[in-house]
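Summary of the model geometry
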Amino acid sequence: PEQQTGGRWAELDAALDGVLANGLNVILDLHLNPDDPLRARLAANDPLAIEALGDLWSAWAARYHRLPADRVLFEVLNEPVMDARLWAGIQRQLV
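Notes on the structure follow. (Residues numbered from 1 in each chain as written. Predicted model: local features only at pLDDT ≥ 70, side-chain atom pairs only at ≥ 80, totals over all residues. Heavy atoms only, no water.)

Regarding helix α5 (residues 84-94)
When we look at burial in α5, the residues that qualify are L86, W87, G89 and I90. Relative to the axis of α5, the buried residues are bounded by an arc of 160° and lie together on one face. Facing away from the buried surface of α5 by more than 90 degrees, the exposed residues are A84, R85 and R92. Contact partners of the buried residues in α5: α3 (37-43) and α4 (47-64). If you check the start of α5, you find a side-chain oxygen 3.0 Å away from the backbone N of R85, and it comes from D83. (Buried < 20%, exposed > 50% of the residue type's maximum accessible area, 1.4 Å probe, protein only. Helix = DSSP H or I, 4+ residues; strand = E, 2+ residues; numbered from the N terminus. Arc of directions from axis to C-beta. Contact = heavy atoms within 4.5 Å. Polar contact = N/O pair within 3.5 Å; in protein donor to acceptor, adjacent residues only side chain to side chain.)

Here's what the structure looks like:
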């Protein structure tokens with residue numbers, strides 16, 4: 001988990017706590033920059049990239065599963081840039 005978050009759990013925890021404390025809802029998802037190598041690897045259906053995405057979400061789910069389900073939404077990947085059928089297959093593998 002520390003590898004996937006770059007050791008930034010405390011920063012993410014504080015952001016989520018702040019949003020919820022102010023009465024707002026939040027969507028927790030992964031945004032990949034256009035130059036992020038993981039983005040290209042996912043679009044190429046790289047099994048190791050899919051596994052890395054799954055590992056990250058497993059860590060996030062283990063950490064945040066107790067947050068209020070009516071206020072915290074989980075989205076696997078924000079605006080995936082790949083063929084829709086490929087993305088549907090990746091989602092089936094991860095969810």
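A look at the side chain of D29
Take D29: it is sitting in strand β1 (residues 26-29). At 2.8 Å, the side chain of D29 forms a polar contact with the side chain of H31. In contact with D29, other than residues within four places in its own chain, are W57, W60, E75 and N78.

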